[in-house]
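Next come the chains, spelled out residue by residue.
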Amino acid sequence: MSDHAAANPAFGRADLSNCEREQIHLAGSIQPNGALLLLREPDLVVVQSSANAGSFLGCRDGVIGASLADLGGDLEPLVRSHAHERLDAIPAAVRCRVDGLDTALDGTLHRPAGGGLILELEIAGPASDLSGPVCDALSRISASNSLDALCGEAAAIFKELAGYDRVMVYRFDEDGHGEVLAERREAHLEAYLGNRYPASDIPQMARRLYMRNRVRVLVDVAYAPVPLTPALSPISGAELDMSLCCLRSMSPIHIQYLKNMGVSATLVASLLVGGRLWGLIACHHYSARQSPYQTRVACELLAEAVSTRIAALESFAQSYAELSVRRLEQRMVEAVSTNGDWEGALFDDTQAMQSLKAGGIALLRDGEAVTAGEVPGTQQLREIAAWLDAQPRAPVHATASLPSEDPKFAALTEVAAGLIAAPISAAPGEYLIWFRPERVRTLTWGGNPFKAVEIGDDPSQLSPRQSFAKWYQVVEGTCDPWSDCDKSTARLIGESVADVIQQFRSVRVLIAKQQLEQIKAAVRHCDQPVVIVTAAGEILQTNAAFDGLVPQDRAAATITDMLRLFSDPAEAGRQIEALREQGRPWRGEVLLDTADEDRRPFRIRADPVLSTPSQLLGFVFLFNDLRERKAADEARQRFQVEVLGRHRMLSLPLDTAQDLRYRDLLNSLLGNAQLAALEITENLDMARVPEMLESVQSSVSRTTELLEHLKWYANHIGPHQG
């Protein structure tokens, strides 16, 4: 076996040491509840098929070399009606008949990466209209105002719609481990709610496939795989890419895993939030169970809606936290202007700690430490700051287990088992740090996560673990994990404190000339562009962040020279005159012509500095780069264009009563997406807005396309109900 083959084992040839990389999308076989045909285009001749295709379709001589027209019925014209579509991400569906079969068939169509058109055929289920239940489900999803409530509703909805014995909503943590957040099950089944499962249970290759193929079904764990013939695609000369196939065989290791659990059939839907695999909705049945096309596509539509609602709830929680950050910032700014004691606003109030559910907080700057709550000693704080300096530069650094990061901190677990730190300047050792004490926890696992492999009597007999009995692990030396919301909150408070510090330092530059060089150095380390101007209008100091913006031919020595940097110098002149003559602060958005020959948006904050009510010392100009905010605004506009386009579809003529039902369904889906977008755009973390809106927009596009396929399928189902 080649090194490449060992590192990336073919389907069915992986063992528990390399199943992470098993080529599960190249299965080369299907489940026997249907048949697969690979069609050459444009003549729609069968060039590859599952070995059972001839018997499944009643063709005694097989189907290789036959065209769809040769199979008779209405299959060929229905398939051709979709031939103009891309079909490379979402399969289309047809309900059809072929000559020689008394029953109708459901067919799904998509184009694989290697070329051709894959047609999968199954015995059609009973004709049903799921638009009503799906609309009702969407209302329940949109009304869920917490993650717990949403997950509970999702489990209940999938239990009602799909009819499996057990439905679990399963979330992945940052290490890839999963936890069952919600469950609906038959009364006689053991509860799995709260159980955790190790990341190794779902290999990375499977997780990547989950992001492409959003709903996967296993009909019967005891099935015998049906191979493809020939083994290689005659179109590509390679193994057929079966990533989007609904009949694709499952990995033998996964099959054994399910057998060890006593599960006979599954339906699993992916939950994608912000472009990442957030979790799964896993449906288990304890006897064979087949899910027809309409049920599968309804599950996919609802999984998209649940994902969109999760994005909205996460953004709402973050925006609520950020509102408290802005209030804290306002108190610090007011404290600077009244008595200069902004640290009191940060430390005398417990909000700074409560925002992150911390036990203690420490501000390290200018070689000093100011603390509140339970924190390590001063020397230990300096050691922690030195350790943070050695880490890769990031907006925040978070760990729930400081001793595991560096054993020398093991003695600190009572007050600092974990920390989250935001740098407040580029200078070494300057951080705002929150600490959490150790919380000894008992985790409930579905089986021993450290015994993922079972060895039989023969040492060569390896299989996934066979016991899924509850296994309890006592975790020590860690704190409660820091959430994404915690990290964003810490970053924002850190940025606010950095701004206040820079303003305070700038004031000190003007007031305390004897400390000028020390404070100038501190200002120079600020990442934010700063300009300090004397009362006479001379530029006393700028920092590197500002100097890097200024074109060489526009270097400024006075406040008047600065006007050349503004795209609208006349308006800037009026604002600066009001600042100098009337002492009126300047707040607003400006465009600056920067050194990289780019016109860049900034938020400007310019304030007069007074030693007494009548004594003007100078002015401080602070500039905040608004490119992230502008990118967020552009993302909002793109989203609105997308949604308006979908709404235009709602005004198209109605051909049938069924069209009206599907229009109502599309309206519900768009309403859910618009609600999510509204809550996301309230989020003050501008850097994440484009990513989250792109996720919702992608979901809108996907659900609209799914709905179009479902409407087309439903409108053509009439002649084949029998």
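Residues numbered from 1 in each chain as written. Predicted model: local features only at pLDDT ≥ 70, side-chain atom pairs only at ≥ 80, totals over all residues. Heavy atoms only, no water.

**Side note on the overall build of the protein chain**
Here is the rule: Elements are defined by DSSP. Helices are runs of H or I of four residues or more, strands are runs of E of two residues or more, and each kind is numbered from the N terminus. For every residue, the accessible area obtained with a 1.4 Å probe (protein chains only) is divided by the maximum for its type, and the residue is called buried under 20%, exposed over 50%, and partly exposed between those limits. Note on contacts: a residue pair is in contact if any heavy atoms of the two residues lie within 4.5 Å. All accessible areas in this document rest on Shrake-Rupley with a 1.4 Å probe, and a residue is counted as covered only by the protein chains that are shown.
The helix and strand tally for the protein chain stands at 20 helices and 27 strands. The buried share of the protein chain, taken over its 722 residues, is 54%. The long-range share in the protein chain, meaning contacts at least 24 apart out of those at least 6 apart in sequence, stands at 63%. Total accessible area computed for the protein chain in this model is approximately 31,100 Å², and 51% of it derives from carbon and sulfur atoms.

**Observations concerning helix α17 (residues 569–582)**
Quick note on the threshold: Expected span of a helix, by definition, is 1.5 Å for each gap between consecutive residues, and there is one gap fewer than residues. The reported arc concerns the directions from the helix axis to the C-beta atoms and nothing else.
Between its first and last C-alpha, α17 extends 19 Å over 14 residues, near the 20 Å set by a 1.5 Å rise per residue. Looking at α17, one finds that the buried residues are A572, Q575, I576, A578 and L579. Each buried residue of α17 sits inside an arc of 155° when the element is viewed along its axis, so together they form one side. Turned more than 90 degrees from where α17 packs its buried face, E581 and Q582 sit exposed. Following α17 by one or two positions, G583 adopts a phi angle in the positive range, close to 70°.

**Regarding the environment of T308**
Here T308 shows up in helix α8 (residues 293–338). For the pair T308 and L675, spaced 367 residues apart in sequence, the C-alpha separation works out to 9.3 Å. Filtering out sequence-adjacent residues up to four positions away, T308 remains in contact with N672, A673, A676, V696 and S699.

**Describing the environment of C299**
For C299, the position within the fold is in helix α8. When its relative accessible area of 0% is taken as the criterion, C299 is described as buried.

**Notes on the pairing of strand β15 (residues 368–373)**
What counts is decided by this rule: Here, a strand pair is defined by DSSP locating no fewer than two bridges between the strands.
Of the pairings in the sheet, the one linking strand β14 (residues 360–365) to β15 comprises six bridges and is antiparallel in character. Residue R365 lies in a different strand from β15, and its bridge partner there is E368.

**Quick word on unusual backbone geometry**
Here the bond from E41 into P42 is cis, since omega is 10°, no more than 30 degrees from zero. Following T229, the chain continues to P230 via a peptide bond in cis, the omega torsion being -10°. Its identity as a non-glycine residue notwithstanding, L87 has a phi of 55°, on the positive side. Mapped onto the fold, L87 is located in the loop between α3 (75–80) and β4 (92–96).

**Brief notes about the sheet that holds β15**
The strands making up a sheet associate through backbone hydrogen bonding, with each pair oriented either parallel or antiparallel. Put simply, the test is: Working convention: axes come from line fits to C-alpha atoms, limited for helices to the stretch in contact. Angles between N-to-C directions cover 0 to 180 degrees.
Here we have five strands laid out as an open sheet, ordered β15-β14-β18-β17-β16, and antiparallel in their pairing. Both edges of this open sheet fall to β15 and β16 (397–399), since each of them pairs with a single strand only. Taking the axes of each pair of neighbouring strands and ignoring which way they run, one obtains an average angle of 10° across the sheet. Taken together, the five bridges between β14 and strand β18 (residues 431–436) define a ladder with antiparallel strand orientation. Paired with L364 across the two strands is Y431, which belongs to β18. Together, β14, β15, β16, β17 (418–423) and β18 form the strand contacts of helix α11 (residues 378–389), whose direction differs from that of β18 by roughly 110°.

**Considerations on the packing of helix α4 (residues 131–143) against helix α5 (residues 147–162)**
The line we're drawing: Any angle that falls under 35 degrees is termed roughly parallel, while one over 145 is termed roughly antiparallel, one within 65 to 115 roughly perpendicular, and all others oblique. For any pair of crossing helices, the crossing counts as left-handed if the nearer helix is rotated counterclockwise from the farther one by less than a right angle, and right-handed if it is rotated clockwise.
Relative to each other, α4 and α5 sit at 165°, their axes nearing to 9 Å. Looking at the two axes, α4 sits roughly antiparallel to α5. Crossing of α4 against α5: the hand is right-handed. Across from A137, R140 and I141 in α4, the residues of α5 making contact are L150, E153, A156, I157 and E160.

**Quick word on the pattern of salt bridges**
Heads up, the condition is: We count a salt bridge whenever a side-chain nitrogen from Lys or Arg sits within 4 Å of a carboxyl oxygen from Asp or Glu.
A full pass over the atoms with the stated rule returns 30 salt bridges. Its salt-bridge partner being R40, residue D43 comes within 2.7 Å of it at the nearest N-O pair. We classify D43 as partly exposed; its relative accessible area is 34%. Note on R40: relative accessible area 36%, which makes it partly exposed. A salt bridge links E122 to R296; the nearest nitrogen and oxygen atoms lie 3.0 Å apart.

**Notes on the nonpolar core**
This is how the line gets drawn: In these notes, a set of buried Ala, Val, Leu, Ile, Met, Phe, Trp, Tyr and Cys residues joined through side-chain atoms within 4.5 Å is what counts as a nonpolar core.
Within the largest apolar cluster, 63 residues are counted, with the highest numbers of intra-cluster contacts made by F158, V169, L271, I281 and L302. The leading source of residues in this core is α8, at 12 residues. If sequence neighbours within four positions are ignored, L302 has contacts with V134, A137, L138, I141, I157, F158 and L161. One finds F347, I424, C479 and I501 within the second-largest nonpolar core, a separate group that totals 28 residues.

**Remarks on the sheet that holds strand β5 (residues 105–110)**
Here we have seven strands laid out as an open sheet, ordered β1-β11-β3-β2-β6-β5-β4, and antiparallel in their pairing. Where the open sheet ends on each side, the last strands, each with one partner, are β1 (29–30) and β4. In the sheet, strand β3 (residues 45–50) pairs with strand β11 (residues 226–229) via two bridges, with the strands oriented antiparallel. Pairing of S50 across the sheet is with L228, part of β11. Sitting on the sheet, helix α20 (residues 689–715) touches β4 and β5, and the angle it makes with β4 is about 10°.

**Side note on the packing of aromatic side chains**
Threshold: Aromatic rings from Phe, Tyr and Trp, taking only the six-membered ring of Trp, are treated as a pair when their centres fall within 6.5 Å; an angle between ring planes under 30 degrees marks them as stacked, one over 60 as edge-to-face, and anything in between as tilted. In this scheme, Lys NZ or Arg CZ marks a charge over a ring once it lies within 6 Å of the ring centre and within 35 degrees of the ring normal.
One pass over the structure, following the stated rule, counts seven aromatic pairs. Taken together, a centroid distance of 5.5 Å and an interplanar angle of 90° make the contact between Y170 and F172 edge-to-face. Summarising the aromatic geometry, the rings of Y293 and Y713 are spaced 5.0 Å apart at their centres and angled 55° between planes, so their arrangement reads as tilted. Pair noted here: Y293 is in helix α8 and Y713 is in helix α20, with a separation of 420 residues, a long-range link. By the ring-pair criterion, three or more aromatic residues cluster together here, those being Y170, F172 and Y197. Stacked on the ring of F172, the Lys or Arg R207 has its end atom at 4.4 Å from the ring centre.

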